[in-house]
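# Survey of secondary and tertiary structure
Here is how the chains run, residue by residue.
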Amino acid sequence: MNRKTGILTSGGDAPGMNAAIRAVTRAGINNGFEMFGVRKGYTGLMAGDIFRLEPLDVSGVIQNGGTFLQTSRSEEFRTVAGRRRAYEQLHERGIDSLVVIGGDGSFTGANLLSMETDINVIGIPGTIDNDLYGTDYTIGYDTALNTVVQAIDKIKDTANSHNRVFFIEVMGRDAGFIAMNSCVACGAEVAVIPEEDNQLEKVRKHLSTRDDKNRSTIIIVAEGSKEGDARTVSEQIQKDFPNIDIRLSILGHMQRGGSPSAKDRIVASYMGIAAIQALLDNQKSIMIGWKNEQPVHVPLSKVVKMNKQVSHEEVLCAESIGTFQN
Ligand code: F6P
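The model shown is predicted, which means the values in this text are computed figures rather than measured ones. Along each chain, residue indices are assigned from 1 in the same order as the chain's sequence is written. This being a predicted model, a pLDDT of at least 70 is required before a residue's local features are given, and a value of 80 or more before pairs of side-chain atoms are given or counted; all residues contribute to the totals for chains, interfaces and linings. No hydrogens and no water enter the side-chain calculation; it runs on all heavy atoms of the structure.

## A short note on a nonpolar patch on the surface
Like-charged residues within 9 Å of one another, or nonpolar side chains (Val, Leu, Ile, Met, Phe, Trp, Tyr) within 5 Å, are grouped into patches, provided each residue has over 30% relative accessible area and no salt bridge. For every accessible area listed, the method is Shrake-Rupley and the probe measures 1.4 Å; residues are considered covered only by the protein chains on display. Salt bridge, as used here, is a side-chain nitrogen of Lys or Arg placed within 4 Å of a carboxyl oxygen of Asp or Glu. Nonpolar side chains collect at one region of the surface, where I266, Y270 and I273 lie side by side and expose about 300 Å² of accessible area between them. The rule is simple: take the accessible area with a 1.4 Å probe, protein chains only, and divide by the maximum for that residue type; under 20% is buried, over 50% is exposed, in between is partly exposed. Of the residues examined, I266 reaches a relative accessible area of 46% and is grouped as partly exposed.

Structural data, given as structure tokens:
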């Protein structure tokens, strides 16, 4: 290892990514590394958009949402030729290790790069979805969940005032962590998530027992549910229950923005320090996970092969207190 290390953010941005970049940069420099920032994720890596990072470059960023390095979703990096281009850019500069902050798709590319070349890749989990295997926590989840909870609380005020049923769409293409835990935190009635089947039946059953005592009903739909998005689900249900006053609210990308919570800043910072320590310890091709409030090492090959999903028991539990039995 020559202690020349690149850092990039990839895939969907998540609040707290800046804290991770800052920690990796400062811990690296403090341990004698030369640190290089890569702009716009793998797209910038392939184009050679790489610059030397100094400690002051990461000053004043920890409180900002998004990622100051910017990010991208790259089709080209999925190809061998794309990854070869990326390798050449790193090799030309003598960079032999790369810290990638991102989610599942980003780590699939990172794992392939480390298998095909002599670049050592260390992953840091950054996605609001919290859906990565091998870690209890991904950077951005806490901030996004709080943003969602605040939004649903506001919707509930107006829903209560009109005895309405609201379908609220939250992010979560493959996993329902945001949907399920915002259901718990907001006292919502139903969470429709990608992990479960027969969700329409569940919603119908719930609405058929609805009476005037229910000032409002909040049904949270993860965008990747098997029944379709919240619009599709709500339109179907409106056909089944023409007399119920139904409204739809899609929270969208506001869930990804905003100043990171203290938890996101802190976990991201410790993960960043752990990533540099892993390089010093000669660890290869791993993700820094978070278990029992401590950083752990998980092989990247395992992270990309396995799934982390909400269990059926967790959903039952979340929904069991969202309503009362007469
Ligand atoms: O970052 C993950 C995620 O937020 C998913 O929940 C969502 O499906 C996706 O990103 C949206 O990505 P994009 O910004 O590319 O539309």
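## Brief notes about the site of the ligand
For this purpose, a residue is taken to be near a molecule or strand whenever a single non-hydrogen atom of the residue falls within 4 Å of it. Lining the immediate surroundings of the ligand are G12, R73, T127, I128, D129, M171, G172, R173, E223, H253 and R256. Any N or O atom pair separated by 3.5 Å or less is treated as a polar contact, with the protein-specific requirement of one donor-capable and one acceptor-capable atom, and with residues adjacent in sequence counted only for side-chain atom pairs. Contact distances for the ligand include 2.4 Å between an oxygen atom and a side-chain N or O atom of E223. R256 places a polar side-chain atom, nitrogen or oxygen, 2.7 Å from an oxygen atom of the ligand. Gly is put with the polar residues, along with every residue not named as nonpolar or charged; the nonpolar set is Ala, Val, Leu, Ile, Met, Phe, Trp, Tyr, Cys and Pro, and the charged set is Asp, Glu, Lys and Arg. Of the residues in the shell around the ligand, the class split is two nonpolar, four polar and five charged.

## Side note on a negative patch on the surface
This count recognises Lys and Arg as positive and Asp and Glu as negative, with His and chain-terminal groups excluded. By convention, charge coordinates are those of NZ in Lys, CZ in Arg, CG in Asp, or CD in Glu. Side chains of D104, D174, E223, D229 and E235 sit close together on the surface and give a patch of like negative charge. Note on placement: D174 falls in the loop between β6 (165–170) and α6 (177–186). With relative accessibility at 47%, the residue D174 sits in the partly exposed group. A run of H or I in DSSP becomes a helix once it reaches four residues, and a run of E becomes a strand once it reaches two; helices and strands are each numbered from the N terminus.

## Concerning the pattern of salt bridges
Evaluation of the coordinates by the stated rule reveals 16 salt bridges. The salt bridge partner of K202 is E319, with a shortest N-O separation of 2.7 Å. Of this pair, K202 sits in helix α7 (residues 199–208) while E319 sits in helix α11 (residues 312–320), and the two are 117 residues apart along the sequence. Ionic pairing is found between D245 and R247, a salt bridge with its closest N-O pair at 2.9 Å. The class for D245 is partly exposed, based on a relative accessible area of 30%.

## Details of the packing of aromatic side chains
Aromatic contacts are taken between Phe, Tyr and Trp rings whose centres are within 6.5 Å, Trp giving its six-membered ring; a plane angle under 30 degrees counts as stacked, one over 60 as edge-to-face, and the others as tilted. On inspection of all chains with the given rule, the structure shows two aromatic pairs. Here the aromatic rings of Y42 and F77 are separated by 3.7 Å at their centres, their planes lie at 10°, and the arrangement is stacked. Here Y42, found in helix α2 (residues 41–47), pairs with F77, found in the loop between β3 (50–53) and α3 (80–92); they are 35 residues apart in sequence, far enough to count as distant. Overall, the relative accessible area of 2% leaves F77 in the buried class. Ring plane angle 65° and centroid distance 6.2 Å describe the contact between Y137 and Y141, whose orientation is recorded as edge-to-face. In terms of burial, Y137 and Y141 fall into one category: buried. Sitting over a ring, as applied to charges here, requires NZ of Lys or CZ of Arg to be within 6 Å of the ring centre and within 35 degrees of the ring normal. Stacked on the ring of F51, the Lys or Arg R39 has its end atom at 4.1 Å from the ring centre. For K263, the ring lying beneath its charged end belongs to Y137, and the centroid distance is 4.4 Å.

## Describing the domain arrangement of the protein
Domain assignment breaks the protein into domain 1 (4–140 + 260–305) and domain 2 (141–256). A domain assignment, automatic or from a database, supplies the domain bounds used here. On a C-alpha basis, the centres of domain 1 and domain 2 stand 34 Å from each other. Residue contacts are defined here by distance: any two heavy atoms, one from each residue, within 4.5 Å place the two residues in contact. At the junction of the two partners, domain 1 supplies 17 residues and domain 2 supplies 13 residues. Roughly 1,200 Å² of surface becomes buried between domain 1 and domain 2 when both sides are summed, with 50% attributable to carbon and sulfur atoms. Accessible area that two parts lose when put together, evaluated with a 1.4 Å probe and summed over both, is termed the buried area. Of all residues in domain 1, the largest losses of buried area upon contact with domain 2 belong to I128, D129 and N130, amounting jointly to 42% of the total for that side. With its nearest N and O atoms 3.1 Å apart, the salt bridge here joins R256 to D13. Each residue belonging to the side of domain 1 that touches domain 2 can be placed in one class, and the counts come to five nonpolar, six polar and six charged.

## A short note on the packing of α7 against helix α8 (residues 230–240)
Interaxial angles span 0 to 180 degrees and are taken between N-to-C directions of axes, which are lines fitted to C-alpha atoms, for helices over the stretch in contact. Viewed as axis vectors pointing N to C, α7 and α8 meet at an angle of 45°, and their least axial separation amounts to 11 Å. Accordingly, the angle class assigned to the pair α7 and α8 is oblique. For α7 against α8, the interelement crossing comes out right-handed. Between α7 and α8, the residues in contact are L200, V203, R204 and L207 and V233, Q236, I237 and D240, respectively. Taken together, the residues of the contact of α7 with α8 sort by class into five nonpolar, one polar and two charged. Working definition: roughly parallel below 35 degrees, roughly antiparallel above 145 degrees, roughly perpendicular at 65 to 115 degrees, and oblique for all remaining angles. Handedness of a crossing is defined here by the sense of rotation of the near helix relative to the far one, left-handed for an anticlockwise turn of less than a right angle and right-handed for a clockwise turn.

## Quick look at the sheet that holds strand β5 (residues 120–125)
By definition, two strands form a pair when at least two bridges between them are found by DSSP. Taken in spatial order, the seven strands make up an open sheet running β3-β2-β1-β4-β5-β10-β11, and their pairing is mixed. The strands lining the two open edges of the sheet, one partner per strand, are β3 and β11 (294–299). Sheet twist, expressed as the mean angle between neighbouring strand axes with direction ignored, is 30°. Examined bridge by bridge, strand β4 (residues 97–102) and β5 share six bridges and lie parallel to one another. Paired with I101 across the bridge in β5 is I124.

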